[in-house]
Amino acid sequence: MKRSWRCLSRLTFFGLSSEYQQGVYEQFFYLKYYGGWSVFESYNLPVGLRNWFIKKLVDHMKEEAEEIKKQQSRNK
């Protein structure tokens, strides 16, 4: 009896999808560009901690943008 084995799962089963990889690379970019982190430091962070830093960075940037808008509206 001849058996043919096939993996019926998607291609991403044994790896990361390109969308996920793109998101991780964007996180590395933001940590490098705005936070001064090296890519090596960003890569070696645990995922949960990296996501926490990204969330804090985004929150800080939003607050900064709101303050700039307030200052610009006061100066008009």
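Note that residues are indexed from 1 along each chain, following the sequence as it is written. Side-chain atom pairs in this predicted model are given and counted only at pLDDT of 80 or more, local residue features only at pLDDT of at least 70, and totals for whole chains, interfaces and linings cover all residues. The side-chain numbers reported here are obtained from all heavy atoms of the structure, hydrogens and water having been left aside.

Between side chains of opposite charge, a pair can form when the charged atoms approach closely. Any Lys or Arg side-chain nitrogen located within 4 Å of an Asp or Glu carboxyl oxygen qualifies as a salt bridge. For the structure shown, the criterion picks out two salt bridges. Linking Asp59 and Lys55 is a salt bridge whose minimum nitrogen-to-oxygen distance equals 3.1 Å. Residue Asp59 and its partner Lys55 are located together in helix 3 (residues 47–75), separated by four residues, close to a single helical turn. Across the salt bridge formed by Glu67 and Lys70, the nearest N and O atoms sit 3.7 Å from each other. Here Glu67 pairs with Lys70, and both are found in helix 3, just three residues apart, close to one helical turn. Where helices and strands are cited, they refer to DSSP runs of H or I of at least four residues and of E of at least two residues respectively, numbered from the N terminus.

Attention now goes to the packing of aromatic side chains. The rule is short: rings of Phe, Tyr and Trp, with Trp giving its six-membered ring, pair when the centres are within 6.5 Å, and they are stacked under 30 degrees, edge-to-face over 60, tilted in between. Tallied over the full model, the rule gives eight aromatic pairs. Geometrically, the ring pair formed by Trp37 and Phe53 is edge-to-face, given 4.9 Å between the ring centres and 65° between the ring planes. Here Trp37 is found in the loop between helix 1 (18–35) and helix 2 (39–44), whereas its partner Phe53 is found in helix 3, with 16 residues between them in sequence. Think of it in three bands: residues with accessible area under 20% of the maximum for their type are buried, residues over 50% are exposed, and the middle band is partly exposed, with areas taken using a 1.4 Å probe on protein chains only. Judged by its relative accessible area of 27%, Phe53 is partly exposed. With a centroid separation of 5.2 Å and an interplanar angle of 80°, the aromatic rings of Trp52 and Phe53 are classed as edge-to-face. Ring pairs connect the aromatic residues Phe29, Tyr30, Tyr33 and Tyr34, which therefore count as one cluster.

None of this, on its own, says anything about what the molecule does.
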